[in-house]
Amino acid sequence: MEDIEFFDICEKEQTAATPFLEQEKDDDDSVTDQFWNVANQPNGKGHKIGEKSEEENKIRSKDASEGVGEDSDSSGEIQERHMNNGNNNNNKTMKYADRVQILNLRRNLNQLDNIAKEKDLTIEKAREELSACQLRIEMLTKERECTETKIEEEKEAGNTAAIFRLQAMHRRLCAELGNEKDLESKIALMLKENVYEMWQIEIEQGKFGSLRERLEQDEEELERQCKERAEQRIQKEKTAAQLAEQKQQVGKKKEMEAWEAYERRHQKVVEDAHRNHEKAVQFLKKSMSRIRQKEAKEELKTQEHMEKRMQAVLSLKNNITSNRETLRTLQVRDKAKALEAKKQEMKMRGAILAEGGNVTKEIFLHKQRVELERQKQEFTEQQKSRKIEIVARILQEEACVEKQKKHQARAEALRSQGKLPDSLKWRIKTWQYIENACEDPARAVLQKSWCTPSACSLVDDKSSSVVDFSEKALQDTIRENDDEEANETLVEPEFTGLWSQECNLYKMPKDETDPKPLGASKMERKIFTENLEKLRSGIIHKQVVSGHEFKGCPFYSKPSLIHFKDFDVGKTYKKKIILINASYSVNFCKLVGVSEHLKDFINIHFDPPGQMSAGMSCEVVVTFKPMINEVLEGKVTFLAQNGSFSIPLQCTIKRCVLALDKELIDFGTHVVGETISRTIILTNRGALGTRFKLQTSAGDNGTCTTAKSSLERMVSPALDGITSEEKASSSPVESSLYENKEQVSPVKTEEVRQTYMLGESQKTENNLGSSHVEQLSQDALITKADLEAENAQSPVEPPPEEEPIEITLGKVTEGEIGPFSSIKLQVIFTPSVPGDVHAEFEIAFDNPNCKPLHFSVIGVSVDVPVWVPNPNVDLKICMYDRLYQDCIIIRSRAKAALRLKFEVCKELSNHMELLPKTGYIQAQSSFSVQLKFLPRHSLPEDAGKYFDTETRVLEVPMTIMIADKTKPIEFIVHAIVTTSDLEISPAEVNFGYCTIYEAVQTTITLTNKSILPQEFGFVGLPEFVDIQPSDGFGTLLPLESLNLDIIFKANKAKEYSFELTCKSEINRQFKLSCKAVGVHPPLELSHSLVKFAATALNDVSTATLYVINAHVSLNRFTHAVPRIGKGEIAPVGPTSFEFLVPEDSPVTIMPSVGTVLPGKKCLIQVYFRPVLSEQLIREEAVQMLCREDAQRTMLKKIHESEMQKRKDETVAGKKDGKKPSFAAFRQPLRVRSSKHAAASSGFEPPKPEEIKTNSEEYIAAQYSLIRNFTGKFERYIIPCFVASGDIDEKIGSENLKYSPYNTLYLELHCPAVAPSVVVTSNNGKNIVNFGEVAVGHRIIKRITIQNISQEQLALGFSILNPNGPFLLVSPVGTLEPGENQFLFISFCPNESKLFFETLDIRSIKATLTLSIIGHGVAPSIACSVEGEVLDMGYVIAKEKVTSTFKIQNTSTLPLRYSIKLESLSQTRDKEQQRLPFFITSPPGRTDFVGTQNYSGLSVFNIFPVEGVIEPGKSQDFTVTFSPDHESLYYSDCLKVVLFGKEIAREIWLKGAARNHMMFVEGGDPLDVPLESLAITSPMSEEAAKGELEEPAKSLLLSLEYIQAETSGTPAVRELKIGAIRTAQFASKKNVEFSLDSLPVLQQKGFTIEPVKGTVDRGQIKCISVSWVPPADFDPDHPLMVAAVLTLKGDIKESYKVLFIARVVCT
């Protein structure tokens, strides 16, 4: 904060000084550059403030660092320059650089002052904090002393609880006191640093004292100079203002003059514009009138166009309708034909079976015969069509030859004359136009090409060459002056303005001209063709990519067919196609050309794109300019790198395609005098319109009423239908045959058609069965006989010309039918004479290519004076006891009034009535009669034969009697009578006992006995009853039964008895009796319905509810009390409950048993954990095993079949004389043996109970079921039994009395879904068990999870215990569908106990819970070494000795150990640099490493060094001691390290080495256990032999006599004399020792035993020394006595033993 405030002040000062600095910046640029160069130079002599600002400016911005740090660094230089130039500045004006120096100096001084102030403030704050801290330390010290006093008091009082509390307080106070002392030291240190920095700042301020005074003087001088410059600037501004004012006045004067000139020009412009506007208005009016006229014309054209489009849309709609009807008719006809064929086949089967023949064979032969006849007929027709084609080709060739001769003559004339005159040119053009326009249409249709060289080549090569020459010469001649005489052509468009270009004759492209000279010989053409083929074969290459050769079309075209449809001659059409490279690699495309006969009409615009990559495309534009009205077909050929390809091209002319929607109009039966109309639709599906005319066929007048005409009507439609069907089903070749016939000989089309129709009829008759033909002939004979009888009865017959016309046509009989349109034609039937009517009509067309269309009309007329238009009165479905009425209309065609009498049959006189019973109908009018029908329940018995009891259909004949007429008029009344009953089953419902906290549901069935749908509804329901669905309302379909749920919910404890009423739509009532008993249980549930969320498998969902005991009083008047119906009130007191959860259910309730006190509630938790049942998993495992066995069996069968096949081949080879190979002979034997083994050991699937839960089959089945789990929903109802009393006071729950009627019910909705994330490792188990892990040791386990859903999942993880041993190392963010990810969980126990935690892996769909278990075990061992020291004893130098100890694993986990020696530690070198322990005098020895070998080898060796000790096992360790020189201080530290971390045991290894076989041990140490760094060379053997006695060594033995009040304890010490067991020194087997000066010792109070003796090898003897002070002993002066101990072994050694004794008082 200090630095930031300082920079803000500097920036403000620099900003304030900026205006003054900018004034003379231009004048002093050179000085400024010099100053900044000096300022930016590095200066190492800056003071501390400058250095500090430089360090801080590295973090801040560059400008601030340049403004402060560099100025601070150069402040010393500025000071020197300022002091040197101070006198000159008083007399001269300050320059820009001097002012900058003053400002920088002021800024640095201000900075120094601010830092001093802030540092002073910091020191004051630190002192205050220090004083406060010291005050708190004093308070805490006093509290601690007070607490210690209280602790002593409580200890005396024996108050243990208070002691613990005060000790805890004491520890807290000590901790706080320690913290405060640390804080005090920190604050003191900080205060000290701040004071030191303040002193430095004051020193710096003292350095700048004189500079500060001088700076103030310079600032005053600077301020004076600024004032002077300001006055000069003001004077200059006044002068400049006066000059500006003068300039402004001159400018205003000029501006006024310019404004006046502008006004004059503007006035003139306005006047000119006014005159021009008047003229423009006149022209605008004329233009607007022309535009309006043009718009009116365009609007009229638009309306006409819209009307045409509307007509086209309507015609399209009509065409679609007619097409649908036609398709429907064709489908019906096809079905009828198929049915008829099936019937014929069934009849044939029956006949063959009756004869006893082979049905399949006969039918097959019959089908073959029919197929053969059809093929013969087709072959005949093909021969006919081919003949016609040959004739057409001959005619075409003749025409070509004639035309070629004409062209040749013209070409010769051109050669002779050189140039045609104008008159001849016009004549040639005129004849061409006439020839094209007036060409024979039949010949034009048959001509496939138009003067093409390919067509002419059919004659001979010579004529073709002549023709080519003549044609090209003629085209060249015409092309010479084509552009000049384009306007003189006789071809004109049909409508003006349609042709954007003039009609020019076709120009041959230069690319298509023959490169060979005209008139080339046949040999030259052949050579040219061969060279061209060679060239093309060189261009084409095979395309092979990655070893695959491309075969097929290299380019695909879009579209695949170039089709110019419905073209007009003279117009130009363009189509764009796209070529796509479909080959494997780069390819190219080249245009070869179009078919020869299309070159005159087709022009291809194609720019070769070069090489094209696979999948790339290019465009081709095809231009078609038709010159003749013919169908053209050909292809466009291209050449690619791997071959040529072509695109088919087709040009079709406009045609008329006419059709009728029907061929027969049947009016049906009508009464004489009526008028009926029908419509037939004529449709043109082509693009060419024509005129039509509707007329009757020749010889038909529409009044054929004789039997002969009826016979014709019966036979001819059948034949026509068959003919049309056969024609429709004929092949396309046959249809083209008819077209060609009509084109070749249009005059004889009718004959051809009749011939074909006759042949088709014969073919149809042949195809029909013989039975059908016989039946047809019999019908014809019967009809003829009837005709003769009628002619005999009525010999007088009116002539045909006098018969009235009954079938007539409508208003439209002729007109124009446009392209793609339809016209409705009306046919009117007016029956005047009873009988059958038949008429034939024909529609003729002006277009000669359109065949006439025919259709037939039939109708029947009857003659009755009075008739009923509706002879069948249908009353539909009627119910009993309901009145139904209908009005019957009676019409009369008589010319006088008639009396009518209406009669009803006797059986139905009680149920049906006609009103009035008698009436008069006027002439040619109508009369209405009212029919009333009231069916009663006795109708089935009364109606008799008129009523069908099974179908319940009533058919009643009604009679109308006409006066003076014997023949009555009858009509029939139809009705279906049904009942209106509704049946409720059962008739009575007993809900039983129902608590007030639940609802009881029962189901009833409501049946509709009627065959009519009936609406129903339960009305007047009490408030405690509900009926579902739809609240008891609905509609019953005929004879339908509907289940209704009646829900009863008691609102209080009492007995209920009530009725439910169901009403039908006719207000009939049906009753249902109900009974129930309301129960108020002592306990209640807070929620009776629990809906769990969708829970994944192995996941857990939890719900919470309460069991409440609200029964606190027996007063039933103030509130509702628990009781059963009107029974006794439940007692007030503790009430127990028990939830009975079904077995094997995924629901757990805790607690399931408990007791609730009055006015209390008990918390209940419900857990839902969906799992797969073990039985289901076992069954799936069995099925998987069966599937695997089936697969193996199938593979085995395939293998056996292959082996059998090889065996058969081997046997066949033997028969052929070939010797089979040894492998082929040996392999079948092996297969047979395996087959025999498999047969002997057949697979028997295990039973589901035999599958173990830890087997691989079980785990695989479980994993498969989880992956394929689709979800399920289960509903559980858990009963809760309630009993009065406390369950804890009873031995068991069975001793409590309870009523089953007080049972509460808890409903659970449990939806289970498939988990989105599953564990795939550890066999799919969700338990991560680390097992037993040593405390402090870390183990990491990897868990694999997989997303088995179809969506990406974002995962979240629950938080593990931060202080626990488990840690999630690598969480996963997202999982893609089907992706596997790894989770790493570590376990590091810190204490010995069992740990358990759960890790929830949450996704948006479900939660996967991992149970993590681990057992921390503290490793423990037992060592056979007692104590901490393993003494290896004495050994001869350069010899070895071994010792063994055992370590046992007493823990429950395997221990991985390693043995380490302190001497081999990596930190040993650092420890050796420290001072020895005997110099530093530590409290205890910490350095266990003693003398080491000179050779560098380790003194102590341990085996084994590392390994694992199993639980309860032990490991033996061998320690080898091998010193290489004499020393008594060999030692090392052995550490047993477990798991590479924990040191379980430390053993101090020690040993001694001697060069001789004897040693003395004991006494006080007189030297340090360290050797000198200098290595002393051992004594040579010669010296050892020469001198067998070594100098005496010293031993110190101190004894302390303990003086008590009454008696004392003698001081006792021991010296040990030993002999080392070794193979050396064989001459000396034992060691002798002796101690001299014994009398002196005894005199001084010493007692020594033994004084001398011998020690065998490997033995140790102890010399006991005890001391009791003599009488003359002075306690103030210790006793010192010396003696010599002599040892004799391999050498003689002497030890000077110094005995020091003293008395110690207790």
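About the criteria used
- The residue numbering used here restarts from 1 in each chain and proceeds along that chain's sequence as written.
- Only residues with pLDDT of at least 70 are given local features in this predicted model, and only at 80 or more are side-chain atom pairs given and counted; all residues enter the totals for whole chains, interfaces and linings.
- Side-chain numbers here rest on the full set of heavy atoms in the structure, without hydrogens or water.
- Strands are runs of DSSP state E lasting at least two residues, helices are runs of H or I lasting at least four, and both sets are numbered from the N terminus onward.
- The span expected for a helix works out to 1.5 Å for each residue beyond the first.
- Under the rule applied, a polar contact is a pair of N or O atoms within 3.5 Å (in protein, one hydrogen donor and one hydrogen acceptor; residues adjacent in sequence only if both atoms are side-chain atoms).
- Every residue carries a pLDDT, the predictor's confidence in it, which falls somewhere between 0 and 100.
- Should any heavy atoms of two residues lie within 4.5 Å, those residues are considered in contact.
- Here's how the labels work: a residue is buried when its accessible area is under 20% of the maximum for its type, exposed when over 50%, partly exposed in between, all with a 1.4 Å probe on protein chains only.
- Any residue with relative accessible area above 30% and no salt bridge may belong to a patch, with like charges joined within 9 Å and the nonpolar Val, Leu, Ile, Met, Phe, Trp and Tyr side chains within 5 Å.
- Here the open area of atoms and residues is found with the Shrake-Rupley method and a 1.4 Å probe, where only the protein chains shown may cover a residue.
- The term salt bridge refers to a pairing of a side-chain nitrogen on Lys or Arg with a carboxyl oxygen on Asp or Glu at a separation within 4 Å.
- In this tally, Asp and Glu contribute negative charge and Lys and Arg positive charge; neither His nor the terminal groups of the chain are included.
- Just so you know, the charge point we use is NZ for Lys, CZ for Arg, CG for Asp and CD for Glu.
- The term nonpolar core refers to a set of buried residues drawn from Ala, Val, Leu, Ile, Met, Phe, Trp, Tyr and Cys, joined through side-chain atoms within 4.5 Å.
- In summary, the pairing rule links any two rings of Phe, Tyr or Trp, Trp by its six-membered ring, whose centres are within 6.5 Å, and it sorts them by plane angle into stacked for under 30 degrees, edge-to-face for over 60 and tilted for everything else.
- Paired strands, as defined in this entry, are two strands with at least two bridges between them according to DSSP.
- Helix axes are fitted to C-alpha atoms over the stretch in contact, other axes to C-alpha atoms as well, and angles between N-to-C directions run from 0 to 180 degrees.

Undergrad: Pulling in residues and values, what's your account of helix α8 (residues 160-207)?
TA: With 48 residues, α8 should reach 70 Å at 1.5 Å per residue; the first-to-last C-alpha distance of 70 Å fits that figure. Put simply, Asn 159 is the residue that caps the front of α8, since its side-chain oxygen is 3.4 Å from the backbone nitrogen of Ala 162.

Undergrad: Provide a residue-level description of the confidence of the model for the chain, including the pertinent values.
TA: In the predicted model, the chain carries a mean pLDDT of 77, and the fraction of residues at 70 or more is 75%. Residue range residues 1-91 is modelled with pLDDT below 50. Its contacts to residues more than four positions away, or to other chains, number 101 contacts. Confidence drops under pLDDT 50 across residues 1573-1588; counting only partners more than four residues distant or on other chains, this segment forms 4 contacts.

Undergrad: Tell me about helix α23 (residues 1256-1267), and please be specific about residues and values.
TA: Here α23 is 12 residues long and its end C-alpha atoms lie 17 Å apart, about the 16 Å a rise of 1.5 Å per residue gives. For α23, every residue scored as buried is listed here: Tyr 1258, Ile 1259, Ala 1261, Ser 1264, Leu 1265 and Ile 1266.

Undergrad: Break down a negative patch on the surface for me, citing the residues and quoting the values.
TA: Taken together, the side chains of Asp 120, Glu 124, Glu 128, Glu 129 and Glu 202 make up a negatively charged region of the molecular surface. Ranked by residue count, the leading element in the negative patch is helix α7 (residues 96-157), at 4 residues. By the secondary structure assignment, Glu 202 is in helix α8. Note on Glu 202: relative accessible area 41%, which makes it partly exposed.

Undergrad: A description of the nonpolar core should follow, citing residues and the corresponding values.
TA: Phe 1137, Phe 1139, Ile 1164, Val 1166, Leu 1306 and Leu 1308 are the most contacted members of the largest nonpolar core, which has 40 residues in total. Ignoring anything within four residues of it in the chain, the contact list for Leu 1306 reads Leu 1085, His 1087, Ser 1088, Leu 1089, Val 1090, Leu 1105, Phe 1139, Ile 1149, Val 1166, Tyr 1276, Ile 1277 and Ile 1278. Counting 35 residues, the second-largest nonpolar core is a separate cluster that includes Ile 890, Met 912, Phe 947 and Leu 954.

Undergrad: Got a sec to walk through unusual backbone geometry? Specific residues and values, please.
TA: The omega torsion of the bond from Gln 1028 to Pro 1029 falls at 10 degrees, within 30 degrees of zero and hence cis. Checked against the element boundaries, Pro 1029 lands in the loop between β34 (1025-1028) and β35 (1033-1036). The omega torsion of the bond from Phe 1503 to Pro 1504 falls at -5 degrees, within 30 degrees of zero and hence cis. Looking at the secondary structure, you find Pro 1504 in the loop between β64 (1500-1503) and β65 (1506-1509).

Undergrad: A description of the packing of aromatic side chains should follow, citing residues and the corresponding values.
TA: Summed over all chains, the structure comprises 33 aromatic pairs. When the ring of Phe 667 is compared with that of Phe 829, the centres are 5.2 Å apart and the planes differ by 45 degrees; the resulting orientation is tilted. Residue Phe 667 is located in strand β12 (residues 664-671), and its partner Phe 829 is located in strand β17 (residues 821-829); the two are separated by 162 residues in the primary sequence. Each member of the pair, Phe 667 together with Phe 829, is buried. The interplanar angle of 70 degrees and the centroid separation of 5.6 Å between the aromatic rings of Phe 1521 and Tyr 1530 together place this pair among those described as edge-to-face.

Undergrad: I'd like a rundown of the sheet that holds strand β57 (residues 1380-1387), residues and numbers included.
TA: The strand order across the open sheet built from 4 strands is β50-β52-β57-β55, with neighbouring strands paired in antiparallel fashion. Each having just a single partner strand, β50 (1317-1319) and β55 (1366-1368) make up the two edges of the open sheet. Between one strand and the next, the sheet's axes are offset by a mean angle of 30 degrees, whatever the strand orientation. As paired strands, strand β52 (residues 1339-1347) and β57 are joined by 8 bridges and run antiparallel to one another. Within β57, the residue paired with Arg 1342 across the bridge is Phe 1384.

Undergrad: Any chance you could break down the sheet that holds strand β70 (residues 1593-1603) for me, citing the residues and the numbers?
TA: Read across the open sheet, the 6 strands follow the order β71-β70-β78-β77-β73-β75; overall the sheet is mixed. Only two strands of the sheet have a single neighbouring strand rather than two, namely β71 (1608-1609) and β75 (1652-1656). In this sheet, β75 lies alongside strand β73 (residues 1630-1635) in antiparallel orientation, the contact comprising 5 bridges. Following the sheet pairing, Ser 1634 is matched in β75 by Lys 1652.

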